[in-house]
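# Results of the structural survey
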Amino acid sequence: MAEFPTTARVVIIGGGAVGASALYHLALAGWTDCVLLEKNELTAGSTWHAAGNVPTFSTSWAIMNMQRYSTELYRGLADKVDYPMNYHVTGSIRLAHSKERVQEFERAKGMGRYQGMDIEMMSPKEAQEIYPFMELHDLKGVLYDPNDGDIDPSQLTQALAKGARDLGARIERFCPATGVSHDGDEWIIHTDKGDIRCEFVVNAAGYYAQKVGEWFKPYGGRTVPMMVMSHQYLLTDEIPEIAKFTADHGKLPLLRDVDSSYYLRQEKTGLNLGPYERNCKAHWITPEDPFPEDFSFQLYPDDLERLEWYIEDAMARVPLLGSTGINKVINGPIPYAPDGLPLLGPMPGVKNAFEACVFTFGIAQSGGAGKVLAEWITEGATEWDMWAVDPRRYTDYTDADYCIQKGMETYGHEYAMHFPWHAWPAGRDKKLSPVHDKVIKAGGVMGAYNGWERANWFAQPGDDTSLDATHTWERAGPWEQRIREECEAVRDNVGVLDLPGFSRFNLSGEGAAEWLRGMITGGLPKIGRMNLAYFADDRGRILTEMSVLRHGEDQFTLITAATAQWHDFDVLNNALPTGLSLTDHTTEYSTLIVTGPKARALFEQIAEADLSLGWLSHQPARVAGKSAALARVSFAGELGWEIHATNADMPEIYDAVIAAGAKPFGMWALNSLRIEKGYRAWKGDLSTDYTLFEGGLDRFVKLDKPQDFRGKAALQNEKQQGSKKRFVTLLVDAGAADAPYMSTLWHDGQVVGETTSGAWGYRINSSVALGMVRTDLAVPDTALEVEIYGERRRATVQADAPLWDADNERLRA
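A few points on the structure. (Residues numbered from 1 in each chain as written. Predicted model: local features only at pLDDT ≥ 70, side-chain atom pairs only at ≥ 80, totals over all residues. Heavy atoms only, no water.)

### Comments concerning the overall build of the protein chain
For the protein chain, the helix and strand inventory stands at 19 helices and 39 strands. A compact globule built from 813 residues would reach a C-alpha radius of gyration of about 28 Å, and the protein chain, at 27 Å, matches this within 12%. Its C-alpha atoms give the protein chain principal-axis dimensions of roughly 80 × 65 × 60 Å. Taking all 813 residues of the protein chain together, the buried fraction comes to 61%. Counting contacts in the protein chain only where the partners sit at least 6 residues apart, residues at least 24 apart contribute 72% of the total. Counting only carbon and sulfur atoms, one obtains 48% of the accessible surface of the protein chain, whose full area is about 30,200 Å². Across the protein chain, 80 positive and 112 negative side-chain charges occur, with their mean positions spaced 4 Å apart. (Helix = DSSP H or I, 4+ residues; strand = E, 2+ residues; numbered from the N terminus. Rg over C-alpha atoms; globule rule 2.2 N^0.38 Å. Buried < 20%, exposed > 50% of the residue type's maximum accessible area, 1.4 Å probe, protein only. Contact = heavy atoms within 4.5 Å. Areas by Shrake-Rupley, 256 points an atom, 1.4 Å probe, with all protein chains shown as cover. Lys, Arg positive; Asp, Glu negative; His and termini not counted. Charge placed at Lys NZ, Arg CZ, Asp CG, Glu CD.)

### Points about unusual backbone geometry
Positive phi is not limited to glycine here, since Trp 284 has a value of about 60°. Counting through the fold element by element, Trp 284 comes out in the loop between strand 16 (282-283) and helix 9 (308-317). Owing to a relative accessible area of 11%, Trp 284 belongs among the buried residues under this scheme. One non-glycine residue, Asp 781, lies in the positive phi region at around 80°. Inspection of the secondary structure puts Asp 781 in the loop between strand 37 (766-774) and strand 38 (783-788). With relative accessibility at 63%, the residue Asp 781 sits in the exposed group.

### Some words on the sheet that holds strand 23 (residues 503-508)
Here we have five strands laid out as an open sheet, ordered 24-25-26-23-27, and antiparallel in their pairing. Here the strands that pair on one side only, and so sit at the sheet edges, are strand 24 (530-536) and strand 27 (581-584). Ignoring which end each strand starts from, the neighbouring axes of this sheet average 30° apart. Inspection of the sheet shows strand 23 paired to strand 26 (residues 555-560) by six bridges, in the antiparallel sense. Residue pairing for strand 26: Ser 508 is matched across the bridge by Gln 555. (Pairing = 2+ DSSP bridges. Axes fitted to C-alpha atoms, helices over the stretch in contact; angles between N-to-C directions.)

### Let's talk about helix 18 (residues 667-676)
The buried fraction of helix 18 amounts to nine of the 10 residues, a majority that puts the element mostly inside the structure. As for helix 18, its buried residues are in contact with strand 20 (444-449), strand 21 (452-458), helix 13 (478-492), strand 22 (495-498), strand 36 (750-761) and strand 37. Positioned one or two residues after helix 18, Gly 678 has a phi angle of 75°, which is positive.

### Some points on the packing of aromatic side chains
Within this structure, the stated rule accounts for 34 aromatic pairs. Taken together, Tyr 207, Tyr 208, Trp 284, Phe 291, Phe 295 and Tyr 300 form an aromatic cluster joined through their ring pairs. Positioned above the aromatic ring of Trp 31, the side-chain terminus of Arg 9 is 3.4 Å from the ring centre. One residue, Lys 39, lies across the ring of Tyr 208, its end atom 4.3 Å from the ring centre. (Phe/Tyr/Trp six-rings, centres within 6.5 Å; stacked < 30°, edge-to-face > 60°. Lys NZ or Arg CZ within 6 Å of the ring centre and 35° of its normal.)

### Observations concerning the packing of helix 3 (residues 61-81) against helix 10 (residues 362-379)
Between helix 3 and helix 10, whose axes approach to 7 Å, the crossing angle comes to 100°. Relative to helix 10, the element helix 3 is oriented roughly perpendicular. Contact with helix 3, carried on its side by Ile 63, Met 66, Gln 67, Tyr 69, Ser 70, Leu 73 and Tyr 74, involves Ile 363, Ala 364, Gln 365, Ser 366, Gly 367, Gly 368, Ala 369, Lys 371 and Val 372 of helix 10 and no other residues of that element. For the contact of helix 3 with helix 10, the residue count by class is nine nonpolar, six polar and one charged. (Parallel < 35°, antiparallel > 145°, perpendicular 65-115°, else oblique. Nonpolar A, V, L, I, M, F, W, Y, C, P; charged D, E, K, R; others polar.)

### Regarding the environment of Arg 392
Tracing the backbone shows Arg 392 in the loop between helix 10 and helix 11 (400-412). Arg 392 sits 161 residues away from His 231 along the chain, and the two C-alpha atoms are 27 Å apart. Those residues in contact with Arg 392 that lie beyond four places of it in its chain are Pro 346, Pro 348, Trp 376, Trp 387, Thr 563, Trp 566, His 567 and Asp 570. Here the side chain of Arg 392 touches Asp 390 through a polar contact of 2.8 Å, side chain to side chain. (Polar contact = N/O pair within 3.5 Å; in protein donor to acceptor, adjacent residues only side chain to side chain.)

### Considering the pattern of salt bridges
In a structure, side chains of opposite charge can pair up when their charged atoms sit close to one another. Following the criterion strictly, the structure yields 56 salt bridges and no others. When the shortest N-O distance is used, the salt bridge between Arg 491 and Asp 492 registers 2.8 Å. Among the salt bridges present, the one from Glu 638 reaches Arg 810, with a minimum N-O distance of 2.8 Å. A residue pair is termed long-range when its members are at least 10 positions apart, and Glu 638 in the loop between strand 31 (626-631) and strand 32 (640-646) and Arg 810 in the segment after strand 39 (791-797) qualify at 172 residues. One continuous salt-bridge network, built from bridges that share partners, spans Asp 150, Lys 251, Arg 265 and Glu 267. (Salt bridge = Lys/Arg side-chain N within 4 Å of Asp/Glu carboxyl O.)

### Considering helix 16 (residues 599-606)
Considered for burial, the residues of helix 16 that qualify are Ala 599, Leu 602, Phe 603 and Ile 606. Projected down its long axis, helix 16 shows its buried positions confined to an angular sector of 95°, all on one face. In this structure, helix 16 carries Glu 604 and Gln 605 as exposed residues pointing more than 90 degrees from its buried face. Buried residues belonging to helix 16 abut strand 28 (589-595), strand 29 (607-608), strand 30 (618-623), strand 31, strand 32 and helix 17 (650-659). (Arc of directions from axis to C-beta.)

### Looking at the environment of Asp 776
Counting through the fold element by element, Asp 776 comes out in the loop between strand 37 and strand 38. On a C-alpha basis, the gap between Asp 776 and Lys 724 in space is 8.6 Å, while along the polypeptide they are 52 residues apart. Side-chain polar atoms of Asp 776 contact the side chain of Arg 774, separated by 2.8 Å.

### Observations regarding empty space enclosed by the protein
Throughout the structure, instances matching the rule amount to one cavity of 30 Å³ or more. Here the largest cavity is characterised by a volume of approximately 50 Å³. The wall of the largest cavity is formed by Glu 106, Arg 107, Gly 110, Met 111, Met 742, Ser 743, Thr 744, Glu 787, Ile 788 and Tyr 789. Of all elements in the fold, only helix 4 (99-114) and strand 38 reach the threshold of two or more residues within the lining of the largest cavity. Tallying contributions element by element places helix 4 first for the lining of the largest cavity, with four residues. Of the residues assigned to the lining of the largest cavity, the class counts are four nonpolar, three polar and three charged. (1 Å grid on protein atoms, 1.4 Å probe; cavity = no way out; pocket = protein on both sides within 12 Å on 5 of 7 lines; lining within 4 Å. Points joined across faces, edges and corners; volume = space filled by probe spheres on them.)

### A word on the sheet that holds strand 29
Ordered in space as 29-30-31-32-28-22-33, the seven strands form an open sheet in which the pairing is mixed. Either end of the sheet is taken by a strand with one partner, and the two such strands are strand 29 and strand 33 (663-664). Where helix 16 meets the sheet, its contacts fall on strand 28, strand 29, strand 30, strand 31 and strand 32, and the angle it forms with strand 32 comes to roughly 35°.

### A closer look at the side chain of Ser 70
Here Ser 70 is to be found in helix 3. Residue Ser 70 is classed as buried on the basis of its relative accessible area, which comes to 0%. Setting aside residues no more than four positions away along its own chain, Ser 70 makes contact with Ala 364, Gln 365, Ser 366, Gly 367 and Gly 368.

### Some points on the side chain of Arg 222
As for its placement among the helices and strands, Arg 222 is situated in the loop between helix 7 (209-214) and strand 12 (227-236). Among residues more than four places away in sequence, those in contact with Arg 222 are Gly 213, Lys 217, Leu 343, Met 347, Pro 348, Glu 355, Pro 391 and Trp 566.

What follows is the structure, encoded as structure tokens:
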């Protein structure tokens, strides 16, 4: 036996399907000096009892990419690594009981076809031809995915492990990691067999990820946001009719009745029923049910009473299910992040540490996860933008109560439709604005943004604010008239938006300005001024956007999106040289946007400030007798200022703004207003899927400046070669719904691009979409089609200027 390894480039903690895939993909990338540690046998956690379904379906672009890659990998893996696997590509049908579900399926079909998958819609009768045992009551349509299927989880893991070993990587079984420490730039991973020094460490510990995550707290880490759910599935005895069908036709496609919330899959010549029940159960959350030291290859006791309704519903859908007995019940732990998506990417606040854990659908996603993680470690960036799974999407609001509430809500609504107007009710009120009660009293209907409660819209007495009212993809709803009124108030008078949670960092120290010039693609503002700055990755893609406020030669405040707080702090802090100070003041201050043509008149009543200072200026001021900073900027695209003040002072300032005549408006109105101006939103319009030139951000790139900023060479090359796609604003002949994120753009029967956001513009009275299109089509007046929930609607490319106030005269007034 080879000696225990004492050094490695990467150590992976956890030997499930995800850990094995990460090791395999690192080895494929040429990083063979890597070690995987597993405390028991490979697959000992959630992997061994997983059902093994391998769907491609998702309404998340990132998740769909990851799952699509998995199916492509698995089809050839057995031959590539010479390890036999049971992988059945049976196809699947998803049943729709409502028009809204059909619309969701149509959207997923469009996304899938853009990624090269042959997903298609069927009538219920057509679906019955390939699944003859199914009843058709209540069905409005069916989504068919020919690439869906199932795989043996243990065989998959062993195949990935063999592939990694064959390439030179190491796996140490029955070797639990016991802790970590840090020495200079190296990690030291402690085990009972000895220590391993490494450059990078990966937490792939499945439902033990939170325990492993605690080891990193002394080095800047946090408690991993997760909990553990009990998931049951039932295996039946043989069913003769299925045995005969299989002999004649092959295996049945996998059936998912997503509105009833279960999957039904052929297992040998019987069936496998797996519900996601509303009356679900979390484990290991009470003193009476403590987290076990070891739960390898173990299960929970059966708890079938929870599943009665789902079993009865499935038997009504496929009566054969009731013709035989239950052979086995599997009830095992599955880890859940609050949104049900994995934690995959850089560990927040900890250099050279990564997470690949809390996978609810780890078998389907492990192939793609290994690819993504290997890219992150070896190249510093991923092929696809992976913000949907980035661990830094959560910050300090994810306490145990939040994780349990959201995990149970997500599990019980595993197949739920995520409507654009719907705000999930669990785990709310974690971070409140200093004027939260005033906003609620004014009718604020709230949404959560990085845990901060902000008003989406303001309801009037009699408006329907129920959750049921939000179950639509369409624009119409009790909110629509209110959004229109809020936008018109900003257009004609003055509005105020309470905006807690802006991420704000102070940067100072001798040389701070020069360092920042080397970090961003463009220039810095003068003292007393502010501007937008963009950070690129090595490929010239859009890493992030920050507002830079300059107070002195080497003194700055950097302001960025609420959800970007931990991501953007890492971008800065991981590159920060000795001698500079970077501090986070997000929770100490709050912000009001006060905007509209009468904004100056309002401030003349309540502020001591120089209101003649131009656009993109900032100044210390007094508002309602309180110290504040005024920034002459407006994301709504009207004359306006942002008021930045301490939490303690903000209530009196807010009262004064309201008393002076401002109408409260919400985030949905702001979204409409910013889209009319062509203002990009982070991780929608601005993401690492696009370069700065593709994103139409040329004016923020200074290729002639001496600083060798990240991505400069790639952008220089793109400037010479030309961009393959280009950012456009579209006017859309929309029907009842506006274009959602990642709607497919068509031209002459070909897919030529995608939307990145869309909304109704109430100032221009038209539907607007922002998007990316093939460069030769990014020409004003080019006619395209945008696919909105299955309908192709006419869209026209607009000139490269705002649709509202094209010359920014109102903004600069």
